[in-house]
Amino acid sequence: MTYNTLEVTKDGGVCIIKLNRPKALNALCAELTKELDDALTKLEADDKIGCVILTGSEKAFAAGADITELKDGTFLGMYKHDVFGLYWESVARFRKPIIAAVAGYALGGGCEIAMMCDFIIAADNARFGQPEINLGVMPGAGGTQRLTKAVGKSKAMDMCLTGRMMKADEAHACGLVSRVVPLDDLMETTLEAAKKIAAQSQPIAMMTKEAVNTSFETTLSQGIHFERRLFQSMFSTEDQKEGMAAFIEKRKPHFNNK
Ligand code: CAA
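Residues numbered from 1 in each chain as written. Predicted model: local features only at pLDDT ≥ 70, side-chain atom pairs only at ≥ 80, totals over all residues. Heavy atoms only, no water.

Undergrad: Report on the pattern of salt bridges, specifying residues and quantitative values.
TA: For the structure shown, the criterion picks out twelve salt bridges. Between lysine 209 and aspartate 118 there is a salt bridge whose closest N-O contact spans 3.0 Å. Within this pair, whereas lysine 209 is found in helix 10 (residues 202-214), its partner aspartate 118 is found in the loop between helix 5 (109-116) and strand 7 (119-123), the two being separated by 91 residues in sequence. In this structure, glutamate 249 and arginine 251 form a salt bridge, with 2.7 Å as the shortest nitrogen-oxygen distance. Since its relative accessible area comes to 34%, arginine 251 is described here as partly exposed. (Salt bridge = Lys/Arg side-chain N within 4 Å of Asp/Glu carboxyl O. Helix = DSSP H or I, 4+ residues; strand = E, 2+ residues; numbered from the N terminus. Buried < 20%, exposed > 50% of the residue type's maximum accessible area, 1.4 Å probe, protein only.)

Undergrad: I'd like a rundown of the packing of aromatic side chains, residues and numbers included.
TA: For any pair of aromatic rings, the description rests on two quantities: the centre-to-centre distance and the angle between the ring planes. One pass over the structure, following the stated rule, counts three aromatic pairs. Pairing phenylalanine 84 with tryptophan 88 gives two aromatic rings, centres 4.6 Å apart and planes at 65 degrees, and the pair type is edge-to-face. (Phe/Tyr/Trp six-rings, centres within 6.5 Å; stacked < 30°, edge-to-face > 60°.)

Undergrad: Describe the site of the ligand, and please don't skip the residues or the numbers.
TA: The full set close to the ligand counts 24 residues, and Ala65, Gly109, Glu112, Glu132 and Gly140 are the nearest of them. At 2.8 Å, a backbone N or O of glycine 109 approaches an oxygen atom of the ligand. Contacts to the ligand include glycine 140, whose backbone N or O atom sits 2.8 Å from an oxygen atom. In isolation the ligand exposes 990 Å². Once the protein is present, 62% of that is buried. Mapped by element, the contributors of at least two residues to the shell around the ligand are strand 6 (105-107) and helix 5. Partitioned by chemical class, the residues of the shell around the ligand number 15 nonpolar, four polar and five charged. (Near = heavy atom within 4 Å. Polar contact = N/O pair within 3.5 Å; in protein donor to acceptor, adjacent residues only side chain to side chain. Areas by Shrake-Rupley, 256 points an atom, 1.4 Å probe, with all protein chains shown as cover. Nonpolar A, V, L, I, M, F, W, Y, C, P; charged D, E, K, R; others polar.)

Undergrad: Can you break down the sheet that holds strand 8 (residues 127-129) residue by residue, with the values?
TA: The strands that make up a sheet are held in pairs by hydrogen bonds between backbone atoms, and each pair lies either parallel or antiparallel. Strand order across the open sheet formed by four strands is 4-6-8-9, with mixed pairing between neighbours. One side of each edge strand has no neighbouring strand; the edge strands of this open sheet are strand 4 (60-62) and strand 9 (165-167). Neighbour-to-neighbour, the strand axes of this sheet turn through a mean angle of 20 degrees, independent of strand direction. As paired elements, strand 8 and strand 9 share three bridges and run antiparallel to each other. Directly across from glycine 129, in strand 9, lies its bridge partner methionine 165. Taken strand by strand, helix 5 contacts strand 4, strand 6 and strand 8, and its axis lies near 90 degrees from that of strand 6. (Pairing = 2+ DSSP bridges. Axes fitted to C-alpha atoms, helices over the stretch in contact; angles between N-to-C directions. Contact = heavy atoms within 4.5 Å.)

Take a look at the structure:
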């Protein structure tokens, strides 16, 4: 897969998508989000890929939507092109596990895209923020919703209303990121996690992701009901038989994704 704004590389069952507009700190322009949508569509169809890593540069994961493209926007134009709906949501819609490896700035749409991933591993130089209010707008790609669900009302209000940036340790303390590691270890740590996920049964990992995500959309009892049905359905898979047999036989499981 060759793109103008992305670098895509594969390592076994893991695909690494690197946002690659260094001069604009990976600002998320229309071309980039379209290419990202295209890459994710292809990776979803690629049976060999079990986990994706979305990352940027050491200086910026992404400094937000491309302000040069937005500045002359009109309501009707943005509505017609479904700005932040059409291509951006492909990260949230992606059905396989996807991890954000964040170094440097993850601001505005950059923070929002990272939050669309299943979890975030941050380098110690990461900076998160929803600075849109400084531009006379507010987050438009899920920031007011996903940030609030991730860190609670008080911190989300603080971030969205002041537009300040949050360092990696604060992001970790409030639950926005799952781990913070030294910058030099970011890709190695994330790759290790991604390889672990890719070695699992793909359908079981996908269903696990679906179950966790369902907790954001349902009541507790509906979520538990959904989880139980999915759990029971897993007993129709070969991978459940293999996983449990391997444990009993004290060997490593070999999942077939069936
Ligand atoms: N859009 C377009 N270009 C951007 C950009 C963005 N979001 N962020 C940075 N750039 C460009 C700069 O214009 C600059 O380009 P030139 O060299 O051609 O002048 C280049 O990237 C480097 O940026 P800086 O010189 O500003 O670098 P810095 O180290 O001094 O500052 C920064 C870094 C604090 C991240 C600063 O660039 C900044 O504040 N960027 C904007 C962040 C922002 O407001 N993001 C929200 C965008 S709106 C949004 O995302 C809406 C949504 O909900 C989806």
